[in-house]
Amino acid sequence: MVIAIVNQKGGVAKTTTAINLSAALGKSGKKVLLVDLDPQGNASSGFGIKKAALNNTTYELIMGDARPSETVVKTGFKNVDIIPATQSLAHAGINLLRLENRNMQLRKALTQIRDNYDVIFIDCPPALDVLALNGLCASDRIIIPMQCEPYSLEGVAELFSTVKRVKKKANRNLQVMGIVFTMLDKRLTINRDVMLNIRKKFPPETIFQTEIPRNVKIAEAPSHGQPIVYYDSASKGAEAYIKLSGEVLRKFERGVRVSG
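Residues numbered from 1 in each chain as written. Predicted model: local features only at pLDDT ≥ 70, side-chain atom pairs only at ≥ 80, totals over all residues. Heavy atoms only, no water.

(A) Molecular detail of the overall build of the chain. Along the backbone of the chain there are 12 helices and seven strands. In terms of its C-alpha atoms, the chain occupies a principal-axis envelope of roughly 50 × 40 × 30 Å. Sequence separation of 24 or more characterises 77% of the internal contacts of the chain that already satisfy a separation of 6 or more. When the accessible surface of the chain is summed, it comes to about 11,600 Å², and 48% of that surface belongs to carbon and sulfur atoms. One finds the centroid of the 36 positive side-chain charges in the chain at a distance of 4 Å from the centroid of its 24 negative side-chain charges. (Helix = DSSP H or I, 4+ residues; strand = E, 2+ residues; numbered from the N terminus. Contact = heavy atoms within 4.5 Å. Areas by Shrake-Rupley, 256 points an atom, 1.4 Å probe, with all protein chains shown as cover. Lys, Arg positive; Asp, Glu negative; His and termini not counted. Charge placed at Lys NZ, Arg CZ, Asp CG, Glu CD.)

(B) Expanded view of unusual backbone geometry. Even without glycine at this site, A13 takes up a positive phi of about 75 degrees. You can see A13 is positioned in the loop between β1 (2–5) and α1 (14–27). Taking the relative accessible area as the measure of exposure, A13 reaches 14% and is therefore buried. In this structure, N79 is a non-glycine residue whose phi angle is positive, near 65 degrees. Residue placement: N79 occurs in the loop between β3 (73–74) and β4 (80–83). (Buried < 20%, exposed > 50% of the residue type's maximum accessible area, 1.4 Å probe, protein only.)

(C) Representation of the packing of α1 against helix α12 (residues 236–254) within the structure. Two elements in contact, α1 and α12, have axes whose closest approach is 9 Å; the angle formed by their N-to-C orientations is 75 degrees. The angle between the axes of α1 and α12 places the two elements in the roughly perpendicular class. Of the residues in α12, those touching α1 at T16, T17, N20, L21, A24 and L25 are Y241, I242, L244, S245, V248 and L249. (Axes fitted to C-alpha atoms, helices over the stretch in contact; angles between N-to-C directions. Parallel < 35°, antiparallel > 145°, perpendicular 65-115°, else oblique.)

(D) Representation of the sheet that holds β1. One open sheet accounts for seven strands, arranged β3-β4-β2-β5-β1-β6-β7; its pairing is mixed. Strand pairing shows two members of the sheet lacking a second neighbour, β3 and β7 (175–182), which therefore form its edges. In the sheet, strand β6 (residues 141–147) pairs with β7 via seven bridges, with the strands oriented parallel. Considered in β7, the bridge of I142 is made with V176. Each of β6 and β7 touches helix α8 (residues 152–169); the most contacted strand, β6, lies at about 170 degrees to it. (Pairing = 2+ DSSP bridges.)

(E) Main features of the state of the cysteines. Under the criterion given, the structure shown has zero disulfides. No disulfide involves C124; its sulfur sits 10 Å from that of C137, the nearest cysteine. (Disulfide = S-S within 2.5 Å.)

(F) Spatial organisation of the confidence of the model for the chain. Considering every residue of the chain, the mean pLDDT works out to 92; 98% of them sit at 70 or more. Below a pLDDT of 50 lies the segment residues 256–260, which in the model reaches 17 contacts outside its immediate sequence neighbourhood of four places, other chains included. (pLDDT = per-residue confidence, 0-100.)

Laid out in structure tokens, this is it:
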């Protein structure tokens with residue numbers, strides 16, 4: 001299965017979720033590929049990848065200048081490979097305009113290697129641009145990390161609308177696997193109120209039961225180039241992402257249809 005981690009709003013733990021779901025599933029025995037589709041390349045840094053030494057990245061992959069097998073890099077963590085990104089990926093938005101099937105480039109590339117993995121995660125950029133559309137067109141499911149703050153509901157509604165358009169025009173199999181609350185501090189009234197509002201607006205099956213707490217260890221881990229499940233496996237953050245990874249697998253295995 002191919003799962004896009006997407007939210008057009010930045011700072012919602014999107015990349016953190018992509019890194020730690022990949023690591024947690026890899027640690028449990030699943031063969032995982034993470035595609036870094038964000039020009040910031042933070043998912044690559046989060047796995048300790050030295051970007052200056054890279055020859056082929058997501059940019060070369062999506063532009064058709066390198067075969068998928070030439071872009072895959074093994075991480076130092078169990079069962080997890082990555083197709084890393086650098087700032088060069090920022091040029092893809094312009095360069096893809098000359099291609100007729102610009103939104104299908106990633107899908108075409110991943111078709112060649114998807115059978116090599118149990119799960120492929122795509123860390124999408126914090127925008128609904130041509131790169132994010134490539135991620136959506138290449139995916140079976142999407143996961144929406146969401147911080148419980150004002151205006152979050154508007155952003156999620158916009159994203160659901162985009163998913164419906166992509167589903168209608170380019171990828172009829174695309175479904176929303178669920179919203180996951182991140183950086184959650186239930187001591188804050190605003191966090192509790194927004195979370196309750198979201199639960200009222202969306203059906204229960206569209207929201208993950210697992211909640212990711214605000215946790216200092218999660219914030220520290222990227223600077224050490226390690227996922228939280230390795231940096232501090234006993235932390236509340238690691239426990240939450242391990243629990244979330246199990247929920248992701250159960251949702252997919254049940255074939256839950258959560259967005260039509």
